[in-house]
Amino acid sequence: MVHRIAVVVLDRFAPLDLGTPGQVFRTAESPAGERLYEVVTCSPGGAPVRCSAGYTVLPDHDLGVLDSADTVLVTGVHGGQVLRDGTIDGELREALQGRPRVMSICTGAFVLAAAGLLDDRPATTHWREAGRFAKLFPRVKLDADVLFIDDGDVLTSAGIAAGLDLCLHVIRRDHGSEVANRAARRCVMPPWRDGGQAQYIERLVPPATGTGTATTRTWMLTQLNTPLDLDALAEHASMSVRTFTRRFREETGMSPARWLNLQRVEQARHLLETTDLGVEEVARRAGFGTTVSLRQHLHASVGVSPLAYRHTFRRRSLSFKDSQ
């Protein structure tokens, strides 16, 4: 029996989020070549909805189609009421209740949370909106480092590409790896991506202001490959160790040791992406000393090994160059 997936589209929806389920699920076929999923699209009142890219679509159905759906999927939105104040219209909230399985891509998690479907449950969303999400929905157990979360009848994913990962995961869960792998090949994408969205987050270092510990933080960035202890840092800042530690935490939200390790991980990521240096040399230049230490810190930060990280980003870079 064909599994029906109803995609809910709201104003300011993310256009690629709408295309993802229709494209991925339609490629899932049985060994005999039979379609395993049907994807339908709906909006409140069946009304036209405008996307963030500047065009309008007209779904075939209103929210009544959810009654015949085996899975309900909510696409991401790039603005509107739910991102502003964490609320949705009563009609939509009621329509989302009691469904066998619900999913979201990207900021579609805001809609599920506003409907009360994520209370006291683990969930994820795009890392750029994680702070806003946490403030609006404190009852949700947010994990902004993963690509997707499967909590049984409720599944959430991070950004656009993570929506692809989640759809493939659902196919794998429903029909096994062979079917999911064939679908991935037809979509020209890997059947599984290692790590989480932490490896795609840009972490910018604030510029030095000449006050507090900012000047010492800038100096630390030039000394990543040398041992740095609290005494040396406090001396550079002309403070006592106790005062330096307190001021540093007030200004950065973390301890000097944690901040330094994050910068060393960033340096290692940069070297892995942009050079052909061996992993041992990357570890030395980034200040980790040994490949074991680098591997442990990189895996804790972004969820993958140095070689896996380099493979992902260097392959992307080379593919881009080859296409020019």
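See above for the structure.
Structure report, in brief. (Residues numbered from 1 in each chain as written. Predicted model: local features only at pLDDT ≥ 70, side-chain atom pairs only at ≥ 80, totals over all residues. Heavy atoms only, no water.)

Observations regarding the overall build of the protein
Part 1: For the protein, the count of helices and strands is 14 helices and 10 strands.
Part 2: Counting the 324 residues in the protein, one finds 46% classified as buried. (Helix = DSSP H or I, 4+ residues; strand = E, 2+ residues; numbered from the N terminus. Buried < 20%, exposed > 50% of the residue type's maximum accessible area, 1.4 Å probe, protein only.)

What to know about the pattern of salt bridges
Side-chain pairs of opposite charge can arise where the charged atoms are in close proximity.
Part 1: All told, the structure shown has 17 salt bridges when counted by the stated rule.
Part 2: With a closest N to O distance of 3.7 Å, E251 and R247 form a salt bridge. Pair noted here: E251 and R247 are both in helix α10 (residues 241-252), with a separation of four residues, about one helical turn.
Part 3: The class for E251 is partly exposed, based on a relative accessible area of 34%.
Part 4: Residues joined in a network through salt bridges with shared partners are D119, D120 and R139. (Salt bridge = Lys/Arg side-chain N within 4 Å of Asp/Glu carboxyl O.)

Observations regarding the pairing of strand β1 (residues 3-8)
Part 1: Within β1, six of the six residues are buried, leaving the element largely enclosed by the surrounding structure.
Part 2: Alternating residues of β1 divide into H3, I5 and V7 and R4, A6 and V8, and every residue in both groups is buried.
Part 3: Where β1 meets strand β2 (residues 37-42), six bridges bridge the pair, whose relative direction is parallel. Bridging from a neighbouring strand, R4 pairs with E38 of β2.
Part 4: Read as a crossover between parallel neighbours, the route from β1 over helix α1 (residues 15-26) to β2 is right-handed.
Part 5: Where β1 and strand β5 (residues 71-74) come together, four bridges link them in parallel fashion. Bridged to I5 within β5 is T71. (Pairing = 2+ DSSP bridges. Right-handed = clockwise from strand over helix to strand, strands pointing away.)

A closer look at unusual backbone geometry
Part 1: For R12, which is not glycine, the phi dihedral falls at a positive 70°.
Part 2: Inspection of the secondary structure puts R12 in the loop between β1 and α1.
Part 3: The class of R12 is partly exposed, set by a relative accessible area of 41%.
Part 4: Positive phi, normally seen in glycine, also occurs at D120, with a value near 60°.
Part 5: Take D120: it is sitting in the loop between α4 (108-114) and β7 (122-123).

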